[in-house]
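Summary of the model geometry
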Amino acid sequence: MTNEDGRMQGVVLRAHSGHCRVLCEHREVDCRLRGRLKQGRQEARTVAVAGDRVELEMAPDGSTGVIEAVLPRTNKISRMSSKRDRGRVEQVLMANLDQVVVVQSVSRPDPVAGFVDRLLVAAERFEVDGVLCLNKVDLAPDVAAEARWSYYETFGCRVLRTSAETGEGVAEFGALLKGKTSLLLGASGTGKSSLLARATGMELRVGEVTEKTGLGRHTTTLTELFPLSEGGFIADSPGIRGFDAWDLEIAELRDAFPDFHEPGYQCRFTTCIHRDEPDCGVKAAVTAGRIPSWRLDAYLGMLKDLDQGRVDHSGQRRRRS
Ligand SMILES: Nc1nc2c(ncn2[C@@H]2O[C@H](COP(=O)(O)OP(=O)(O)OP(=O)(O)O)[C@@H](O)[C@H]2O)c(=O)[nH]1
Ligand SMILES: [Mg+2]
Ligand SMILES: [Zn+2]
C-alpha cells in the first residue's frame, strides 16, 4: 500500500534500539527510524514496537528502508520498565493487538500466586481480551494452583488447556489465534515458543527448564510478531518475572477484577477500594466463600505495589499523560 507521498505502509515485526524489521508488501525489510522520531534515548524503545503500523521510505534497491512516521495506535500493552533505579520509564511491549494469551505451565515452572491475575489485569487495563492458556497438562500439576484455574472461567475469562508435548489442545490454541493479532505473555519456560512452534510449524528456539530451580532460561529475548498463514499475527515474547502495568490508577486496578464488580455494589462507599473500609461487599463475599481469598490477596498485593510505586518513583503523585 502506498500513500500520496509515495510512502509505503508496513507492520513492525520486531524492534531493537531504533532498528526495526518491517513487513511491507509481503516482504521483510530492515529499517531504521528517522532521527526526528526518536524522542531521546529512554523513549526510543516506545517509538516503534512490534505491531506498530508505519510509513516508510524504501531505498531505491528495496533492500532497506527508513521509518518516516508511526501511525496512531488503536491500543498497546505497556509496563513500567523493570530498571527501577532509572525512575519511571514506559516500556511498550506491543501495539495494535486483539488479545493477550497468558501462558502458564501447570508445573515446571510452578505457578507463582498472583502472577496470572497480574497479567490479566494488564489486559483489562489496556482493554484487550485476556485468555488463559494452561500449558504442560501432560505433567502432574502443581496441586496448590490446580484448584484456582476453573475459577477464572466463572467471571468470563476463557481458559485453554494445552500440551506442546503431546499436542493436546493445540488445535484449539491455533483456532484462538486465527485472524487475530495476539501476544503470548508469561514467565520464562512456560512453553510459549514451544506452543507456537507446535501450532504453526514455525521453527523457534526453545530452552530447557533448569533442573535445579525449575525455572526457564529466558530463551526468547525479543518480542517478535509472526504473520499467520491463515490470517492474523502472533507475537512471541521473552519470559517475564513481573509486570507492573503502565499508568494504572487505583480505580482501574479495582475495576480490572471483574469478579469484584457485583459484590462491590454492596460496599458502603462507592469509592471503596476493598482494603480498609468498613462494610465492604467484596470482603463479605470472600468471607462467604463466593470469592476465593487468593483473588483478594492478588488484588491487595497489586494495590500495595501501586501505592509504593507512587512514592518510590517520583516522590509525588502521578499525573496522567
Ligand atoms: N512436558 C512439557 N514440556 C513442555 C511443554 N511445552 C514446553 N515444554 C518444555 O518447556 C521448556 C521451555 O519451553 P519454551 O518454549 O522455550 O518456553 P518459553 O515460554 O518460550 O520460554 P522463554 O522463551 O524463556 O520465555 C522446553 O524444554 C520445552 O520443551 C509441554 O506442554 N509439556
Ligand atoms: Mg520462548
Ligand atoms: Zn469494598
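Located above this text is the structure these notes cover.
Each chain carries its own residue numbering, running from 1 in the written order of its sequence. Ligands are numbered from 1 and chains lettered from A, in the order in which they are written. A pLDDT threshold of at least 70 governs which residues receive local features in this predicted model, and a stricter bar of 80 or more applies before side-chain atom pairs are shown or counted, although totals over entire chains, interfaces and linings include all residues. Think of the side-chain values as coming from all heavy atoms in the structure, minus any hydrogens and water.

1. What about the nonpolar core?
Formally: In this text, buried Ala, Val, Leu, Ile, Met, Phe, Trp, Tyr and Cys residues form a nonpolar core when linked through side-chain atoms within 4.5 Å. Buried means the residue's accessible area, taken with a 1.4 Å probe over protein chains only, is under 20% of the maximum for its type, while exposed means over 50%, and partly exposed covers the values in between. Helical segments are the DSSP runs of H or I of at least four residues, strand segments are the runs of E of at least two, and each set is numbered from the N terminus. Every residue pair with non-hydrogen atoms within 4.5 Å of one another is taken to be in contact.
Counting 58 residues, the largest nonpolar core has Ile77, Leu132, Tyr152, Phe243 and Leu253 as its most contacted members. At 7 residues, the largest contribution of residues to this core is made by helix H2 (residues 115-125). What Leu253 contacts, discounting residues up to four positions off in sequence, is Val121, Leu248, Tyr299, Met302, Leu303 and Leu306.

2. Some thoughts on the sheet that holds strand S8 (residues 99-105)
Under the convention used in this document: Should DSSP find at least two bridges between two strands, the strands are regarded as paired. Axis definition: a line fitted to C-alpha atoms, over the contacting stretch in the case of helices. Angles run 0 to 180 degrees between N-to-C directions.
Here we have 6 strands laid out as an open sheet, ordered S10-S9-S8-S11-S13-S12, and mixed in their pairing. Either end of the sheet is taken by a strand with one partner, and the two such strands are strand S10 (158-161) and strand S12 (224-227). This sheet shows a mean twist of 25° between the axes of neighbouring strands, independent of strand direction. Of the pairings in the sheet, the one linking S8 to strand S9 (residues 129-135) comprises 7 bridges and is parallel in character. Bridge pairing in S9 places Val101 opposite Val131. Across the sheet, H2 lies against S8, S9 and strand S11 (181-185), angled at about 175° from S8, the strand it touches most.

3. Overview of helix H4 (residues 170-177)
The test is simple: This arc describes the spread of directions from the helix axis toward the C-beta atoms.
The set of residues buried in H4 consists of Val170, Phe173, Leu176 and Leu177. The buried residues of H4 occupy an angular sector of 110° when the element is viewed end-on, so they sit on one face. Those residues of H4 that are exposed and aimed more than 90 degrees away from the buried face are Ala171 and Ala175. Buried residues in H4 make contact with S8, S9, S10, S11, helix H5 (192-200) and strand S13 (233-236).

4. Some points on the coordination of the zinc ion (ligand 3)
Note the cut-off: With water excluded from the atoms, a metal site may look incomplete; its donors are any N, O or S atoms within 2.8 Å, or within 3.2 Å for Na, K and Ca. Square planar and octahedral sites, with four and six donors, are those where opposite donors lie more than 155 degrees apart and all other angles lie between 65 and 115, tetrahedral sites have four donors with every angle between 85 and 135 degrees, and the rest are irregular.
The protein atoms that coordinate the zinc ion (ligand 3) are Cys267 (SG), Cys272 (SG), His274 (ND1) and Cys280 (SG), at distances spanning 2.2 to 2.4 Å. What the 4 donor atoms of the zinc ion (ligand 3) show is an angle range of 103 to 115° at the metal, which sorts the shape as tetrahedral. Residue class for Cys267 comes out buried when judged on its relative accessible area of 10%.

5. Notes on the site of ligand 1
Formally: What makes a residue near a molecule or strand is one non-hydrogen atom of that residue sitting within 4 Å of it. Definition of a polar contact: a pair of N or O atoms within 3.5 Å, with one able to donate and the other able to accept a hydrogen when the atoms are protein atoms, and with sequence-neighbouring residues admitted only if both atoms are side-chain atoms. Using a 1.4 Å probe, the Shrake-Rupley method yields the accessible areas, and only the shown protein chains count as cover for residues. Put simply, Ala, Val, Leu, Ile, Met, Phe, Trp, Tyr, Cys and Pro go in the nonpolar bin, Asp, Glu, Lys and Arg in the charged bin, and everything else, Gly too, in the polar bin.
Around ligand 1, a shell composed of 24 residues is seen, among which Asp138, Ser188, Lys192, Ser194 and Thr220 lie nearest. In the environment of ligand 1, an oxygen atom lies 2.5 Å from a nitrogen or oxygen atom belonging to the side chain of Ser194. Between ligand 1 and His218 there is a distance of 3.3 Å, counted from an oxygen atom to a backbone nitrogen or oxygen. Notes on ligand 1: free accessible area 660 Å², of which the protein chains cover 91%. Class assignment for the residues of the shell around ligand 1 results in 6 nonpolar, 13 polar and 5 charged.

6. Overview of the coordination of the magnesium ion (ligand 2)
Here the magnesium ion (ligand 2) is held by the protein donor atoms Ser193 (OG) and Thr220 (OG1), which lie 2.0 to 2.1 Å from it. With Ser193 in helix H5 and Thr220 in the loop between H5 and S12, the pair connects residues that are 27 residues apart, well separated along the chain.

7. Comments concerning H2
Taken across its 11 residues, H2 has 10 buried, putting it largely inside the fold. The complete set of buried residues in H2 reads Phe115, Val116, Asp117, Arg118, Leu119, Leu120, Val121, Ala122, Ala123 and Arg125. Of the residues one or two after H2, Glu127 is the one with positive phi, at around 55°.

8. Topic: the sheet that holds strand S5 (residues 64-70)
Taken in spatial order, the 5 strands of this closed barrel run S1-S2-S3-S5-S4, and their pairing is mixed. On average, each strand axis in the sheet is tilted by 50° relative to the strand beside it, whichever way the strands run. Two elements, strand S3 (residues 27-33) and S5, share 4 bridges in a ladder whose sense is parallel. Each residue of the ladder has a partner; that of Leu33, found in S5, is Ile67.

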